[in-house]
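# Coordinate analysis (summary)
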Amino acid sequence: MLLLAVKAISEEDRAFLAEHDIDVVTPDTITDAQISDVVISYAWDNRIGDKILAQPDSKLKWIQTQSAGVDYLPLQILKERGIIVTNASGLKAEPIAQTVLSYILYFARGLNVYATRQHWEPFTDQYMVSELPVLVFGTGRIGQQIAAQIKGFGGTVYGVNTTGRAVPGFDEVYPITNYQEGLSKARVVVDGLPGTKDTENFFDEYFFEQVNELFLFVNIGRGTTLDQDALLAAIDDSRVRFAALDVTTPEPLPTHHPLFERPQILLTQHTSWGEHENYGRTGGLFRLFKKNVPGFVADGSLTYNVVNLDKGY
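Residues numbered from 1 in each chain as written. Predicted model: local features only at pLDDT ≥ 70, side-chain atom pairs only at ≥ 80, totals over all residues. Heavy atoms only, no water.

### Here's the deal with the pairing of strand β10 (residues 214-219)
Extensive coverage of β10 is indicated by the burial of 6 of its 6 residues. The pairing of β10 with strand β11 (residues 240-245) spans 5 bridges and is parallel. Following the sheet pairing, V218 is matched in β11 by A244. (Buried < 20%, exposed > 50% of the residue type's maximum accessible area, 1.4 Å probe, protein only. Helix = DSSP H or I, 4+ residues; strand = E, 2+ residues; numbered from the N terminus. Pairing = 2+ DSSP bridges.)

### Some remarks on the pattern of salt bridges
What the rule picks out here adds up to 11 salt bridges. The closest approach of N and O atoms between K59 and D37, which form a salt bridge, is 3.3 Å. Of this pair, K59 sits in the loop between α2 (46-53) and β4 (62-64) while D37 sits in the loop between β2 (23-25) and β3 (38-42), and the two are 22 residues apart along the sequence. Since its relative accessible area comes to 43%, K59 is described here as partly exposed. Overall, D37 belongs to the partly exposed group, its relative accessible area being 30%. For the salt bridge of K185 with E172, the shortest nitrogen-to-oxygen distance reads 2.9 Å. Remark: E172 occurs in strand β8 (residues 172-175) and K185 occurs in helix α7 (residues 180-185); sequence separation between them is 13 residues. (Salt bridge = Lys/Arg side-chain N within 4 Å of Asp/Glu carboxyl O.)

### Some points on the sheet that holds strand β5 (residues 84-86)
One open sheet accounts for 5 strands, arranged β2-β1-β3-β4-β5; its pairing is parallel. Edge positions in the sheet fall to β2 and β5, since each of these pairs with one other strand and no more. Between one strand axis and the next, the sheet turns through 25° on average, direction left out of account. Two strands pair when backbone bridges link them, and β4 and β5 are joined in this way by 3 bridges, in the parallel orientation. Its bridge partner being in β5, W62 is matched across the sheet by I84. (Axes fitted to C-alpha atoms, helices over the stretch in contact; angles between N-to-C directions.)

### Some details on the nonpolar core
Of all hydrophobic cores here, the largest spans 30 residues; its most connected members are F137, F203, F207, F208, F217, L231 and V240. Of all the elements in the fold, those that place two or more residues in this core are β6 (134-137), β7 (157-161), α8 (205-209), β10, α9 (228-236), β11 and β12 (265-267). Per-element accounting of this core gives the leading share, 5 residues, to α9. Discounting residues that sit within four places of it in the chain, F208 has contacts with F203, F217, L226, A230, L231, A234, R239 and V240. In terms of nonpolar packing, the next biggest core, distinct from the first, is built from 28 residues, F107, V134, L216 and F242 among them. (Core = buried A, V, L, I, M, F, W, Y, C linked by side-chain atoms within 4.5 Å. Contact = heavy atoms within 4.5 Å.)

### Here we look at the environment of V113
Considering the arrangement of structural elements, one finds V113 in helix α5 (residues 111-114). Overall, the relative accessible area of 18% leaves V113 in the buried class. The sequence separation of V113 and P263 amounts to 150 residues, and the corresponding C-alpha distance is 9.8 Å.

### So, the pairing of β7
For β7, a buried count of 5 out of 5 residues is recorded, marking the element as mostly surrounded by other parts of the structure. Side chains V157, G159 and N161 project from β7 onto one buried face, and the interleaved Y158 and V160 project onto a second face that is buried too. Where β6 meets β7, 4 bridges bridge the pair, whose relative direction is parallel. Within the sheet, the bridge partner assigned to V136 lies in β7 and is G159. Running through helix α6 (residues 141-152), the crossover from β6 to the neighbouring parallel element β7 is right-handed. Relative to β8, β7 is paired through 4 bridges, and the arrangement is parallel. Bridge pairing in β8 places N161 opposite P175. (Right-handed = clockwise from strand over helix to strand, strands pointing away.)

### Things to note about the UniProt feature "domain: D-isomer specific 2-hydroxyacid dehydrogenase NAD-binding" (unreviewed entry) in the chain
Following the UniProt record, the feature "domain: D-isomer specific 2-hydroxyacid dehydrogenase NAD-binding" (unreviewed entry) maps to residues 104-271 here. Along residues 104-271 the backbone is 24% helical and 19% strand, and the end-to-end C-alpha distance reaches 16 Å. (UniProt positions renumbered as here; feature names shortened; annotations may be inferred.)

### As for α9
What α9 keeps buried is the set Q228, A230, L231, L232, A234 and I235. Contact partners of the buried residues in α9: α8, β10, β11 and β12. The N-cap residue of α9 is D227: its side-chain oxygen and the backbone nitrogen of D229 are 3.1 Å apart. Looking one or two residues beyond α9, the residue adopting positive phi is S238, at roughly 70°. (Polar contact = N/O pair within 3.5 Å; in protein donor to acceptor, adjacent residues only side chain to side chain.)

### Considerations on the sheet that holds β7
Strand order in this open sheet of 7 strands is β8-β7-β6-β9-β10-β11-β12, and the pairing throughout is parallel. Of all the strands in the sheet, just β8 and β12 have a single pairing partner and so form its edges. Strand after strand, the sheet turns through a mean of 15° between neighbouring axes, direction not considered. The strands touched by helix α4 (residues 93-108) within the sheet are β6, β9 (188-191), β10, β11 and β12, with β10 carrying the most contacts at an inclination of about 150°.

### Describing the packing of α4 against α6
Put simply, α4 and α6 touch, their axes get as near as 8 Å, and they point 45° apart. Here α6 runs oblique to α4, going by the angle between their axes. At the point where α4 passes α6, the crossing takes the right-handed sense. Contact with α4, carried on its side by A93, E94, I96, A97, Q98, V100, L101 and I104, involves R141, I142, Q145, I146, Q149 and I150 of α6 and no other residues of that element. Tallied by class, residues from the contact of α4 with α6 come to 9 nonpolar, 3 polar and 2 charged. (Parallel < 35°, antiparallel > 145°, perpendicular 65-115°, else oblique. Left-handed = near helix turned anticlockwise from the far one by under 90°. Nonpolar A, V, L, I, M, F, W, Y, C, P; charged D, E, K, R; others polar.)

And the structure:
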């Protein structure tokens, strides 16, 4: 069985694969004759991925993505060919959740004021986390970690998911078709939605018309879920006091983009996942991947982090 390692695999991990009779090639070592023999793609590269999918006798059965979002994959083609996708959901949930907490603390404790102040002028219009109820759109692994971090500081956390089903760690959960009750209680909104056709520009002018003096809007989901012009308008007329965006459209933002020019907006440039020990966006990915290897080798089954190709997450 042949695995294409788009992302680096350590010698220890290669030994694990060898125990399961899986051979490894990389984009630099794969030959033209091997293109159609790739059964597993460990992470995805559009250039070589397109070559694999173009082979009429392609053996590709499983793609392990390097990210939680899969909107960059040709999902319809994969569905038609019965290719299973597993994602990296939960891989960076803890550092992302800590980043969200840091956004809240940065603005709540007035650090944004002191970061640029060059004279002595005490600023005390500060908040406790418990004074800022949070509404998180997305109650998966990242959302649950966010809830846990906020709960640790005595905060209140509401959630939004597809059906409104209860999820441990959230005080209440609302369906995405009726999120308004949760929004009415919240001072902080966290956008953790995946990038799909249904979520494109979900946070639009209509959404921001429903808020009044929202303390903080956060986006750690996908840039496509937010109408940035609508957010800027809400910032400018004080419906939203502050915003913290880890993802934007496009990435990178061009110099002098309006998002850079609002002091009320903090941009962390798609780095909320960062951690020192597991360096890089895919650090620790193999730990998730290897959970599925024994079952796949035994009978082709995959059970962990399997993506619904119709829903796109």
